[in-house]
Amino acid sequence: MTLVARLAAAEVVYGAGRQALGPFDLDLAPGEIVALVGPSGCGKSTALRLLAGLEEPTRGTVTRTAGRGETSVVFQSPTLMPWADAVSNVALPLELSGIDRAEARAKAQIALEQVGLAASSHVKPAQLSGGMAMRVSLARALVTRPRLLLLDEPFAALDEITRRTLADDVHRLWDQTRPAVVFVTHNVEEAAFVAQRIIVMSPGPGRLVGETVMAAPLPRPAGFRTSEPFRFAAEAISRDLAASMRAAA
Amino acid sequence: MNRALNTLAPLALIAVLLAIWEAACRLTGVPAYFLPSPSAVAAAMIENGPLLLGSAWNTLATALLALACASLMASCLALIIATNRLLEQAVRPLAVALQVTPVVAIAPQVVIWAGLAHADRAIIALAVIVAFFPIFSGALTGLKSTDPDLERLFDLYGASRWQKLTRLRLPSAIPFMLEGHKVAGGLAVIGSVVAEFVAGSGGSQGLAWRILESSNRLQTAKTFAAVIVLAIMGAGLHAVLETSERAILKRFRGR
């Protein structure tokens, strides 16, 4: 089975010798959902940018088999163009790749329907709620049918109820095309709920502290948050996280 | 109720101040060439109405023409410069120097260059210089104020430089450019009035010339009338630009 992406002993050093990441290893198989958890400043967003090809490692190697147009990123803020309505925002990746306008917009409309926003296609971002804007952002990420979907703390700015609904949405949407997903978060329960494999990182520079495998069906069954495996995984991740904080102190 | 009060309050204050002024003029008997009473100013305004309106139109037309020229030049230059860091570094100090130099300081020379027979050209050129900077600065700031995450997104999807410029940087610049035009509109009026003062010839028939002319003839009431027309015109232009800025932004952002 070929990997979608691999980080091998990847290190990122920013100017003035500040090491942000690594050495850090990560193998990403097709269709798997991996969460990167860690305190802020642990280099998880840096790892994500390496996987996206938006940044080059200072040392080590990054291998990506998902080419241009096969990788999508969802940022912490919805990152929509404020001057364009929802459907134009979602159509953007297709239009940039040269697909003609009418076809791109038709596909964007379908993507909006999948996130439950068919009726809001001509609404501009300022008129959308935070959760709706994030859904538009998800629709834009999925409209290209990516092989690799990178989520950089996408729910951090939302309220608890919206976060839970969106977590379910992510699974439902993932189930349609089964991209490999890397989900960056600092929320332990969210990581345990969303991902099959949860990697805890230590801060400055970001390194692997522990890995928890969550062998429960996806999308998650009802009441999953109160189940034994979920609680157990959340505990394990919390322990790793506490260890990573101690290591940093 | 509150809205009505808000509109009435400044009008009431103006009425009170005018009443005090009128009373003071009548009681002290100060000569009209020194300080005309509000009623004398009003009479001068009515008497010279057509003349003042015609002059106001000349000044306004000059300012609007200057605004259009400045808009075209400043936007084009900002667009060229925003694509090249080194070019921006080179041009910025010159643009700042142009901005901080008072227009009165360079006006006499510009009048000479334009030729004494063509004072109108010198006035437009000077107003353009004054209106140039806010538009240039706004456009440049706007072109560089794109959301870094949106920029990453465009990179991720392999957008070309042209696509990034037309689909990301130009739309991002629009709110800044609108603000720049609003400021520049007011400055264009000031610029054309100051330039007209310096040109100081009857070749131009704007409000500044009316002020100079009446002031030289000690027709102080007429001077006041011209200044008031000028103030009303400036405020009107500002209001029009502000309203259109808001309307365009509302369309642009959908809220």
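Predicted model, so just to flag it, every value in this text is computed and none were measured.

The subject of this paragraph is the pattern of salt bridges. All names here are of chain A. A full pass over the atoms with the stated rule returns 28 salt bridges over all chains. Asp27 serves as the salt-bridge partner of Arg6, at 2.8 Å between the closest nitrogen and oxygen. Taken together, the residues Arg6 in strand E1 (residues 5-14) and Asp27 in strand E2 (residues 18-28) connect sequence positions 21 residues apart. The class for Asp27 is partly exposed, based on a relative accessible area of 33%.

This paragraph deals with the domain arrangement of chain A. Residues and elements named next belong to chain A. In terms of domains, chain A is made up of domain 1 (5-70 + 146-248) and domain 2 (81-144). Using C-alpha coordinates to define each centre, domain 1 is positioned 25 Å away from domain 2. Contacts between the two partners involve 14 residues from domain 1 and, on the opposite side, 10 residues from domain 2. Counting each side, the surface lost to burial between domain 1 and domain 2 is near 1100 Å², with a carbon and sulfur contribution of 69%. The tally of links from domain 1 across to domain 2 stands at 1 salt bridge.

Once that is clear, we can look at the environment of Pro221 of chain A. Residues and elements named next belong to chain A. Assignment of secondary structure puts Pro221 in the loop between strand E9 (207-213) and helix H7 (228-248). Given the relative accessible area of 40%, Pro221 is considered partly exposed. In this structure, the C-alpha to C-alpha distance between Pro221 and Arg140, residues 81 residues apart in sequence, is 27 Å.

Every contact between the two is made by 25 residues of chain A and, on the other side, 21 residues of chain B. Our count for the contact surface shared by chain A and chain B stands at 1 salt bridge. Between Arg167 of chain B and Glu95 of chain A there is a salt bridge; the shortest N-O distance is 2.5 Å. Here chain A is connected to chain B by 5 residue pairs in polar contact (both at pLDDT 80 or more). Broken down by secondary-structure element, the contributors of at least two residues to the side of chain A that touches chain B are helix H1 (44-52), strand E5 (71-74), helix H2 (86-96) and helix H4 (130-142) of chain A. The leading source of residues in the side of chain A that touches chain B is H2 of chain A, at 4 residues. Residue classes in the side of chain A that touches chain B are distributed as 13 nonpolar, 7 polar and 5 charged.

Residues and elements named next belong to chain B. A rise of 1.5 Å per residue sets the reference length of helix H8 (residues 161-199), with its 39 residues, at 57 Å; its end C-alpha atoms lie only 46 Å apart and thus fall more than 12% short of the reference. In H8, a bend of some 40° at Ile174 exceeds every other bend along the element, and Pro175, a proline, comes one to four places later. Count one or two residues on from H8 and you reach Gly200, which has phi positive near 50°.

Another point: the sheet that holds strand E4 (residues 59-64) of chain A. All names here are of chain A. Pairing within the open sheet is antiparallel, and its 3 strands lie in the order E2-E1-E4. Across the chains shown, the open sheet's two edge strands, defined by having one partner strand only, are E2 and E4. Ignoring strand direction, the axes of neighbouring strands in this sheet form an average angle of 20°. Judged from the 7 bridges that link them, E1 and E2 form a sheet pairing that is antiparallel. Following the sheet pairing, Tyr14 is matched in E2 by Arg18.

Parameters at a glance
Residues numbered from 1 in each chain as written. Chains lettered and ligands numbered in written order. Predicted model: local features only at pLDDT ≥ 70, side-chain atom pairs only at ≥ 80, totals over all residues. Heavy atoms only, no water. Salt bridge = Lys/Arg side-chain N within 4 Å of Asp/Glu carboxyl O. Helix = DSSP H or I, 4+ residues; strand = E, 2+ residues; numbered from the N terminus. Buried < 20%, exposed > 50% of the residue type's maximum accessible area, 1.4 Å probe, protein only. Domains from an automatic or database assignment. Contact = heavy atoms within 4.5 Å. Buried area = accessible area lost by both parts, 1.4 Å probe. Polar contact = N/O pair within 3.5 Å; in protein donor to acceptor, adjacent residues only side chain to side chain. Nonpolar A, V, L, I, M, F, W, Y, C, P; charged D, E, K, R; others polar. Expected span 1.5 Å × (residues − 1). Bend = angle between axes of the 7 residues up to and from the residue. Pairing = 2+ DSSP bridges. Axes fitted to C-alpha atoms, helices over the stretch in contact; angles between N-to-C directions.

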